[in-house]
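Examining the three-dimensional arrangement
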Amino acid sequence: MSPQVRLTVNGKPATIEAGDDDTLLDVLRGPLGLLAAKDGCQPEGYCGCCTVLVDGHARVACSQPAHKFDGKEVITLEGFDGPTREAFALAFASSGASQCGFCSPGIIVKAAALLERNPAPSRPQIAQALAGNLCRCTGYVKVIDAVATAARLLAGEEQPELDFSGRIGSRTPKYEAFELALGEKPFIDDLSVDGMLFGALRFADHPRAVVTRIDTTHAQAIEGVVRVVLAPDVLGRRAVGCIYDDWPVLVGEGETTCYVGDVLACVAATTRDAARRGAAAVEVEYEVLQPVTDPHAALAPEAPQVHPGEGNLLKTYTIDRGNADDALATSAHVVTETFSTQFIEHAFLEPEAALACPEGDGMRVFSGGQGIWDDRRQIALVLGLPEDKVRVTLVSNGGAFGAKEDLGVNGQAALLAQLTGSPVKVTLTRAESIRMHAKRHPLTMSYTLGCDQSGKLTALKADIVGDTGAYSSVGDKVLQRACGHCASAYEVPNVWAQARAVFTNNPPCGAMRGFGSNQANFAMEGCLDRLAEKVGIDGWDIRFLNALDVGGVFATGQVLGEGVGLKQCLSALKGYYKGARYAGIACAAKNTGVGNGLPEHGRASIEVFDDGSIKVRHSWTEMGQGVHTVLQQIACEELASAGVELKNVSVSVDTERDFQSGQTTASRGTFLGGLAVKEACDKLRAELNGSSLVELAGREFTAEITFDITQPMDDPNLQRSHICYGWGAQVVLLDDAGRLAKVIAAHDVGRVMNRNLLEGQIEGAVHMGLGHSLTEELVVEDGHITTPTLKSQGIIPAKGMPEVHCIFIEEPQPEGPYGAKGVGEIGLIPTAAAVASASYRFDGKWRTRLPMKDTAAAKAAHPRAVRKPGAASS
């Protein structure tokens, strides 16, 4: 029998059996069923998602054994008094402080402890108090706003008036805002069903090694282990993928591992602990091979092949427009430079999880993936089932930023459920999450850029090589995007660009916010700054001179139509840039829609119920960005005359409707989803004819919109590579010590749909962009990850964030809903170049590598990150 731990939890005595390895968090979430505290990084204790009060002090619950808390009084967010819970729920809802919401409960507990000590803290004091709490979505701006608002509410000030109108352009609170703040909205690891087993994975020990023997004897003997699954047990196809079916759910004996995140065995057991002990007990023997880790070396003819018989070159994209060589030869000024960027860990705060439940002769999977119809297709292939026998239900996730486009643990969970006949939940630890999922591509970019005597650009040559890692993921399209966006937001009449995605035995690289365009932007903008100095003009002048406008030609050759607000963005920033001593500026363009010849679909429906409420069904993953809320608002806007109110509109994403529209990527959820919901509302309104909405109860109005108007980049008759683009520019200001002082972000969004959500997207993107610029790096050596923790990623904490000021330009996009265009990714694209430009003005050093850890800005934003062993600086 396990030793007993005596606690007082939320005012009630509790005696619980706890094993030696059980933490306080295990006890709270397990036998006590208190789920507000989240497991974001156990046992690191770094993210703060599991913060609780222990004897009145804020403590993380995941980093110490439960028995160390024997006799203590513990208060979780569930145990807070009503007025405190209400104050924080209102504050977070009105401020827009919960995006994915995974971090919110821990932040509220920490903030409540602060307000007990200091009822009226300043913003710097709040930021300091939140030093142990990460938020990957918000950039902390709205979190600090919310804590300040909660302080005023608890002091007796009047409640904020929340706008529940649901109309376009309002600050309507986020869908499920109150539940997200208080930890009542369940994530996948919060779900439980009768008879549920727990799954765990055994990963490869070497990035490249022949698996000669897998022995499950000891694993199967562990008490509680129900089944150990190996590659031969898979009934369907083992290798699947978003684009190419090359990523195996299991690697078997006689096969060669491709990276350290390869899965060799899956274990199902009656408890999570037994499953993990079972996975650890699987013994593996190898013939270890030298890994291929340098993408340039991998291109050599004699290089070992990561995937034998296929070569190490996944894909090449080329743009050849005009005559770049001749134009450069006659240019007044030319710069040539090579830029490089790093691996980046997404660091979403909810580690991957999946719950798979057998249903009759099929399977139902609860997924947090970014494309549940793609999940369904791949799961069906793995299980050897027709797609109509697999149902996938979205559980809005705790952040994704691109890494949850791949199948992840959904495949292993479904496989275990199929072979055991029982529901199985698989949840990765933080270390496993970092080990398994795809990263941001490191790119090496050799640029030559020319201009005439006035600074007008003449030609660009760009050679881009991307380390796409062990498997394809969506690396093909990331390098396509880097190639297509090689000239950023500027008109260049002659362009030659080549981008190559190269296999290595490093972690797979795939989608991450910006999707290759931010890396290319860093190179293009850096060259532009150097040209400006040669010409004798400043950074704003050269950008305004070359900024794309209506009728301009994008790098791909697309002639731009209406909806280009870049010069308006620059004009809004002119005074900030020219009036500051240490200011950097950069622009950005980001496609809305996948484009490049692929059809785009938006599908949605409106279902009417007996009480007059409606359900919006759509196809986009809610991962903190607010797509549920925006589509809910469109329904309210369109059906206001029918009496539809925000409180009567629910939202669902489930493959029970055939609404396949691809991954939630390419900044297109609001654009395509919004158009589809709007059309479904049109159909409903056409049936009303003055009748009451309830008379349509039981009816469902379905809409599909399609754009098939783009062409591949190599099409000699290319007219349009993407439906449209978002446009933006940012100024980064440093103080007299070179520290980050302020970021002013001006973005053409077409139409402000929800101001709270929009500000939060830009503020959060700026935070991620600053990390990319200065402090974040996943370090990989010889195929092994040497920074395997959240703490080692270099994420800038709340106290390291500068003020962020958002300016929104509304230059309507004719095709978009109400004129809107995508903004989910563009907010981080200009940031690195603007930081590099500002740092050059401060210390006179041109920088060509990210992260720029040698800058004063980096040292001030996150001092520990720049001292991290093994992390390179520029």
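For the structure given in this document, a descriptive report is provided here. (Residues numbered from 1 in each chain as written. Predicted model: local features only at pLDDT ≥ 70, side-chain atom pairs only at ≥ 80, totals over all residues. Heavy atoms only, no water.)

Turning our attention to the sheet that holds strand β22 (residues 583-592). Strand order in the open sheet formed by 4 strands is β22-β27-β28-β31, and the pairing between neighbours is mixed. At either margin of the open sheet sits one strand with a lone partner, and together these are β22 and β31 (803-809). The sheet shows a mean angle of 15° between the axes of neighbouring strands, direction not considered. Here β22 runs beside strand β27 (residues 724-734); their pairing, made up of 10 bridges, is antiparallel. Residue T592 lies in a different strand from β27, and its bridge partner there is C724. Strands in contact with helix α17 (residues 566-578) are β22, β27, β28 (740-748) and β31; relative to β27, the strand with the most contacts, it is inclined by about 5°. (Pairing = 2+ DSSP bridges. Helix = DSSP H or I, 4+ residues; strand = E, 2+ residues; numbered from the N terminus. Axes fitted to C-alpha atoms, helices over the stretch in contact; angles between N-to-C directions. Contact = heavy atoms within 4.5 Å.)

Further remarks concern the pattern of salt bridges. Taken as a whole, this structure holds 58 salt bridges when the rule is applied. Note that R123 and D145 form a salt bridge whose closest N and O atoms lie 2.6 Å from each other. With R123 in helix α4 (residues 123-129) and D145 in helix α5 (residues 141-154), this pair connects stretches of sequence that are 22 residues apart. Judged by relative accessible area, which is 38%, R123 ranks as partly exposed. One network of salt bridges, in which partners are shared, links R364, R391, E607, R617, D654, E656, R657 and E700. (Salt bridge = Lys/Arg side-chain N within 4 Å of Asp/Glu carboxyl O. Buried < 20%, exposed > 50% of the residue type's maximum accessible area, 1.4 Å probe, protein only.)

Strand order in this open sheet of 5 strands is β13-β21-β20-β19-β14, and the pairing throughout is mixed. Looking at the sheet topology across the chains shown, the edges are occupied by β13 (313-321) and β14 (333-340). Here the strands of the sheet are splayed against their neighbours by 5° on average, with no regard to which way each runs. Where strand β20 (residues 457-469) and strand β21 (residues 494-503) come together, 10 bridges link them in parallel fashion. Paired with D463 across the strands is Q498, a residue of β21. Where helix α14 (residues 475-484) meets the sheet, it contacts β13, β19 (443-451), β20 and β21, and its direction lies at approximately 20° from that of β13. The sheet contacts of helix α15 (residues 517-535) involve β14, β19 and β20, and relative to β14 the element is tilted by about 150°.

What follows deals with the nonpolar core. By size, the foremost hydrophobic cluster in this structure holds 206 residues, and its most contacted members are Y447, L449, L457, L460, M524, W727 and L790. Considering each element in turn, this core owes the most residues, 9 residues, to α15. Counting 37 residues, the second largest nonpolar core, distinct from the first, contains V608, L646, L693 and L757. (Core = buried A, V, L, I, M, F, W, Y, C linked by side-chain atoms within 4.5 Å.)

All right, on to the layout of surface pockets then. Of the volumes computed, that of the largest pocket is approximately 1,100 Å³. As for the largest pocket, its lining consists of 42 residues, and the residues nearest its centre are D22, D26, R272, D273 and R276. For the lining of the largest pocket, the elements supplying multiple residues, two or more each, are α1 (24-29), β6 (197-203), α8 (272-280), β18 (424-427) and α13 (430-436). The volume enclosed by the second largest pocket comes to roughly 500 Å³. Taken together, the elements giving at least two residues each to the lining of the second largest pocket come down to α11 (372-383), α14, β22 and β23 (600-608). Residues that form the lining of the second largest pocket fall into these classes: 8 nonpolar, 7 polar and 9 charged. (1 Å grid on protein atoms, 1.4 Å probe; cavity = no way out; pocket = protein on both sides within 12 Å on 5 of 7 lines; lining within 4 Å. Points joined across faces, edges and corners; volume = space filled by probe spheres on them. Nonpolar A, V, L, I, M, F, W, Y, C, P; charged D, E, K, R; others polar.)

No statement about biological role is implied by the geometric values presented.
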